[in-house]
Amino acid sequence: MPNEPVGVLIIGAGASGGAFAWRIADAGMSVLCLEQGPWMKQSDYPTNNLDWESRAATEFSPNPNTRLAARDGKGAGGDAAYPIHNEGTPIKPVMFNAVGGSTILWAAHFPRFTPRDFRVRSDDGVADDWPIDYETLEPFFALNDQMMGVSGLAGDPAYPKHEPPLPPLPLGATGNTLARGFEKLGWHWWPSDSAVISQDYNGREACINLGPCTSGCAHGAKASTDITYWPVAERKGVELRTGCRVKEITLNDAGMADGVLYYDEGGTLQEQKAEIVVLASNGIGTPRLLLNSANERYPDGLANSSGLVGKNLMFHPYALIRGVFDEPLDGKGPRGCSIWSHEFYETDRSRGFVRGYSYEMTRGVGPAGEALFGASRGRIPWGPGHHEAWSEIYDHTAGMVGITEDLPDEANTVTLDPELTDSDGIPAPKITYEVSENSHRQLTHAEERGHEVLRAAGATDTYSDHLIEQAGWHLMGTARMGSDPNTSVVNEWGRSHDVKNLFIIDGSIFVTAGGVNPTSTIQALALYVADSIKRNIGNLFD
Amino acid sequence: MAQNVNPLADTPFLTAVLDTLIPPSEDGKLPGAGSLGLASEVGSAIERDEDRSALVDAGLGAIRDATGSAGEFVTLDFPSRVAAIEAQLEAHPQLIPSIITPLYFAYYQDPTVLVGLGLPARPPFPGGYEVTPTDPDLLELLRSKAAN
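This one's a predicted model, so the numbers in the text were calculated from it and none came from an experiment. (Residues numbered from 1 in each chain as written. Chains lettered and ligands numbered in written order. Predicted model: local features only at pLDDT ≥ 70, side-chain atom pairs only at ≥ 80, totals over all residues. Heavy atoms only, no water.)

### Details of the overall build of chain A
Alright, step 1. Across its full length, chain A carries 12 helices and 16 strands.
Alright, step 2. For 542 residues, the compact-globule formula gives about 24 Å, and the C-alpha radius of gyration of chain A, at 22 Å, lands near that figure.
Alright, step 3. Projected onto the principal axes, the alpha-carbon positions of chain A cover approximately 70 × 50 × 45 Å.
Alright, step 4. By residue count, 65% of the 542 residues in chain A fall in the buried class.
Alright, step 5. Here the contacts in chain A between residues at least 6 apart in sequence split such that 73% fall between residues at least 24 apart.
Alright, step 6. For chain A, the computed accessible surface area is about 17500 Å², with 47% contributed by carbon and sulfur atoms. (Helix = DSSP H or I, 4+ residues; strand = E, 2+ residues; numbered from the N terminus. Rg over C-alpha atoms; globule rule 2.2 N^0.38 Å. Buried < 20%, exposed > 50% of the residue type's maximum accessible area, 1.4 Å probe, protein only. Contact = heavy atoms within 4.5 Å. Areas by Shrake-Rupley, 256 points an atom, 1.4 Å probe, with all protein chains shown as cover.)

### Some words on helix α8 (residues 136-147) of chain B
All names here are of chain B.
Alright, step 1. The end-to-end C-alpha distance of α8, which contains 12 residues, comes to 16 Å, matching closely the 16 Å that a straight helix rising 1.5 Å per residue would cover.
Alright, step 2. Residues of α8 that are buried: Leu 138, Leu 139 and Leu 142. All buried residues of α8 fall inside an arc of 100 degrees around its axis, so they share one side. Exposed side chains of α8 directed beyond 90 degrees from the buried face belong to Pro 136, Asp 137, Glu 140 and Ala 147. (Expected span 1.5 Å × (residues − 1). Arc of directions from axis to C-beta.)

### Some thoughts on the sheet that holds strand β13 (residues 413-421) of chain A
All names here are of chain A.
Alright, step 1. Pairing is mixed across the open sheet formed by three strands, whose spatial order is β3-β14-β13. Across the chains shown, the open sheet's two edge strands, defined by having one partner strand only, are β3 (85-88) and β13. For this sheet, the mean inter-axis angle between neighbouring strands, taken without regard to orientation, is 35 degrees.
Alright, step 2. Relative to strand β14 (residues 427-432), β3 runs parallel, the two sharing two bridges. From the neighbouring strand, His 85 faces β14, where its bridge partner is Lys 430. (Pairing = 2+ DSSP bridges. Axes fitted to C-alpha atoms, helices over the stretch in contact; angles between N-to-C directions.)

### Some words on the pairing of strand β8 (residues 269-279) of chain A
Residues and elements named next belong to chain A.
Alright, step 1. By the bridge criterion, five bridges tie strand β1 (residues 6-11) to β8 in an arrangement that is parallel. By the bridge assignment, Val 6 is partnered in β8 with Ala 274.
Alright, step 2. As judged from the five bridges shared by strand β7 (residues 257-263) and β8, these two strands associate in the antiparallel manner. Following the sheet pairing, Tyr 263 is matched in β8 by Leu 269.

### As for a negative patch on the surface
Alright, step 1. A contiguous patch of negative charge, built from A:Glu388, A:Glu392, B:Glu26 and B:Asp27, is present on the exposed surface.
Alright, step 2. The topology assignment puts B:Glu26 in the loop between α1 (11-21) and α2 (39-47).
Alright, step 3. Residue B:Glu26 is classed as exposed on the basis of its relative accessible area of 79%. (Patch = residues over 30% accessible without salt bridge, like charges linked within 9 Å, V, L, I, M, F, W, Y side chains within 5 Å. Salt bridge = Lys/Arg side-chain N within 4 Å of Asp/Glu carboxyl O. Lys, Arg positive; Asp, Glu negative; His and termini not counted. Charge placed at Lys NZ, Arg CZ, Asp CG, Glu CD.)

### Let's talk about the sheet that holds strand β15 (residues 461-465) of chain A
All names here are of chain A.
Alright, step 1. On the basis of which strands lie adjacent, the open sheet formed by six strands has the order β4-β10-β11-β12-β9-β15 and antiparallel pairing. Where the open sheet ends on each side, the last strands, each with one partner, are β4 (190-191) and β15.
Alright, step 2. Alignment of β4 against strand β10 (residues 339-341), held across two bridges, turns out to be antiparallel. Residue pairing for β10: Pro 191 is matched across the bridge by Ile 339.

### Describing the nonpolar core
Alright, step 1. Counting 134 residues, the largest nonpolar core has A:Phe20 and A:Ile249 as its most contacted members.
Alright, step 2. When residues in this core are grouped by element, the largest group, nine residues, is from helix α12 (residues 519-535) of chain A.
Alright, step 3. When near neighbours in sequence (up to four residues on either side) are disregarded, A:Ile249 contacts A:Ile11, A:Ala257, A:Gly259, A:Val260, A:Val277, A:Leu279, A:Leu289, A:Leu290, A:Ser293, A:Leu302 and A:Leu502.
Alright, step 4. By size, the runner-up hydrophobic cluster in this structure holds 44 residues, among which are A:Tyr394, B:Leu8, B:Ala39 and B:Ile100. (Core = buried A, V, L, I, M, F, W, Y, C linked by side-chain atoms within 4.5 Å.)

### Topic: the side chain of A:His497
All names here are of chain A.
Alright, step 1. Mapped onto the elements, His 497 comes out in the loop between β15 and β16 (502-504).
Alright, step 2. The exposure class of His 497 is buried, given its relative accessible area of 14%.
Alright, step 3. Setting aside anything within four residues of it in sequence, one finds His 497 in contact with Gly 482, Ser 483, Asp 484, Pro 485, Ser 488, Val 489, Val 490 and Asn 491.

### Thoughts on unusual backbone geometry
Alright, step 1. Here B:Phe125 and B:Pro126 are connected by a cis peptide whose omega angle stands at 10 degrees.
Alright, step 2. Position of B:Pro126 among the secondary structure elements: in the loop between α7 (111-116) and α8.
Alright, step 3. The phi dihedral of A:Ala127 is positive, around 50 degrees, even though this residue is not glycine.
Alright, step 4. Tracing the sequence through the fold places A:Ala127 in the loop between α4 (120-124) and α5 (134-148).
Alright, step 5. The buried category is assigned to A:Ala127, whose relative accessible area is 18%.
Alright, step 6. Of note in the backbone geometry, A:Asn312 takes a positive phi value of approximately 65 degrees without being a glycine.
Alright, step 7. If you trace the backbone, A:Asn312 turns up in the loop between α8 (282-292) and β9 (318-324).

### Let's talk about the pattern of salt bridges
Residue and element names in this part refer to chain A.
Alright, step 1. Applying the stated criterion across every chain yields a total of 32 salt bridges over all chains.
Alright, step 2. Two residues, Glu 138 and Arg 112, come together in a salt bridge whose shortest N-O distance is 3.2 Å. Of the two residues, Glu 138 sits in helix α5 while Arg 112 sits in the loop between β3 and α4, which places them 26 residues apart along the sequence.
Alright, step 3. Exposure remark for Arg 112: the relative accessible area of 2% places this residue in the buried category.
Alright, step 4. Among the salt bridges present, the one from Arg 355 reaches Glu 346, with a minimum N-O distance of 3.7 Å.
Alright, step 5. On the basis of relative accessible area, Glu 346 is assigned to the partly exposed category, the value being 27%.
Alright, step 6. One salt-bridge network, held together by shared partners, links Arg 116, Asp 117, Arg 119, Asp 123, Asp 124, Glu 346, Arg 355 and Glu 405.

### Thoughts on the interface of chain A and chain B
Alright, step 1. With 47 residues of chain A at the contact, the number on the chain B side is 47 residues.
Alright, step 2. For the pair chain A and chain B, the summed buried surface comes to about 3900 Å²; carbon and sulfur atoms form 71% of the total.
Alright, step 3. Considering only the surface of chain A that becomes buried against chain B, A:Leu50, A:Trp382 and A:His387 emerge as the three largest contributors, covering 22% of it.
Alright, step 4. Among the ionic pairs, B:Asp135 bridges to A:Arg180, the shortest N-O distance being 2.9 Å. (Buried area = accessible area lost by both parts, 1.4 Å probe.)

### Some details on the pairing of strand β2 (residues 31-34) of chain A
Each regular strand displays side chains that alternate between the two surfaces of the sheet.
All names here are of chain A.
Alright, step 1. The two faces of β2 match: Val 31 and Cys 33 on one face and Leu 32 and Leu 34 on the other face are all buried.
Alright, step 2. Alignment of β1 against β2, held across four bridges, turns out to be parallel. Bridge assignment links Ile 10 to a residue of β2, and that residue is Cys 33.
Alright, step 3. In the classification by handedness, the crossover that spans β1, the intervening helix α1 (residues 15-24) and the parallel β2 is right-handed.
Alright, step 4. The pairing of β2 with strand β5 (residues 239-241) spans three bridges and is classified as parallel. (Right-handed = clockwise from strand over helix to strand, strands pointing away.)

Set out below in structure tokens:
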């Protein structure tokens, strides 16, 4: 029996898909979301068991290739992960495929883009300005904070005034110690806005400090859209179909999207018709699907008359800086959420680079993780001295990452691999990416200043990694927005220039990357696009 | 154990190797990794990964060959076992990295070890952990900055 046509078809149930589904649900159209992954169970997350560290590194690895290699029936999400040809990039893309998407495994660090992030061409003469600004998105940032449940402290001078709905998470000994270091140097710092609830909120219980947020929150205190947006979206009538992997977007004779072909949970190819198609598949999955949807009319891929689908891929190159302290630091607590600093966020050309980076303070890792981390850096030997070295480091190490602003470069791409496919035989993405000289200079600066602030905080020993390999969390720019169809893929409200009923709402549409985590901005954009569709419903396809 | 047995299946030998990589602590609170009985778990984890297994087989085989055919490695004192392993690392540089990932996970997730380290021998959930509150002086400082 053929599937009933729907009004709005969303592809992907992650950060943006969940937010969009909830917001569009009252537009008077039927809404269906197809998600290739399953619903996750909190009782399956690693922190329910003693072997949480090994499970987090294998079956719950954020790297889909690692999950697929680890599966033997055990990889979280099963075959929902698709392989990525990642040999051509020093930063390996990471993501998760399930209801909730990568918010299942994220650290829930929740900074917004700053107002200046939207106008880097005007302010700094690089890249391009966005066709929208912070003020346009501000109501959606605020709405999203309410829906996700964000903890933080109002008044950060790095941002326009905003009031997180929940008080900040405790800084812990780690955050207190590092904050004193920043204070000593007179550098900016502030408690992070975190999508982790510090108090009971909307039926969810406050954080109890499980530690590793990045393998799924067994307590449900960390926001992921499967427990924030999706329950209310479904109550509003949105249908969510899991285990459904879209093969291609189909067109009618008029060149409008008329639905998709997808493999259902049993591997049967299905057709689903829709009036509006919305891509929410992340900065790699979205260009992959557009390129896989090439047809006679669009031989270079759907919505690709600009030639920019899959180009301008941006990550955030991360530097890691760690310090060893004499005093114990309670490294537990939300893994990625403590304090941040925008001291070096804005352009100062005397530093030798344009744009800048933020710092985020991280907490400790588990006993096995610390042993392996120490071994990989020659700090914890095997054999004689092993226990002594481990004791000096474990719970005595505080770290931070420098998140540098990547600038768009058309040479950094997502293309289709000619051989590699997913479990349904759909061509897999291939990543080609180089870290720019500007980013390398930022990374070096972040390392040097990071050592300085850790020493100021009391670290007796510091060390750093110039570039973290397994940190391609933030996937941006591969279907950029803009007002000129020749230089962008979608317009200022996410509608394809070429296919008037095709929308994109994930990180693909970012024009620039900022120097902070993008999820807050991705979700604000998704809510904004949903409202734009509702507002323009009368002449949506003109 | 005869030398034609795969070194990962040579339990006495692998146990001695693991006890060398993670020896017992001097204060007696922490057992050696081999004495803890991790040989089977670690061996199985290595064998599940074909590439890792090949590297470890070659490296451990070289150690066993170099120390004698009748299982002499097991009878060596600790410094001699360390020296025997080190002697093979130039020819087998991936041996240690290939072993320690499964070994460290197995060791540091074992309840006996966690107790010896003074850590709770339980998973993080549902108990969670205590975290030091934000320093009130820092909080006051921030509030005064926000007010300005």
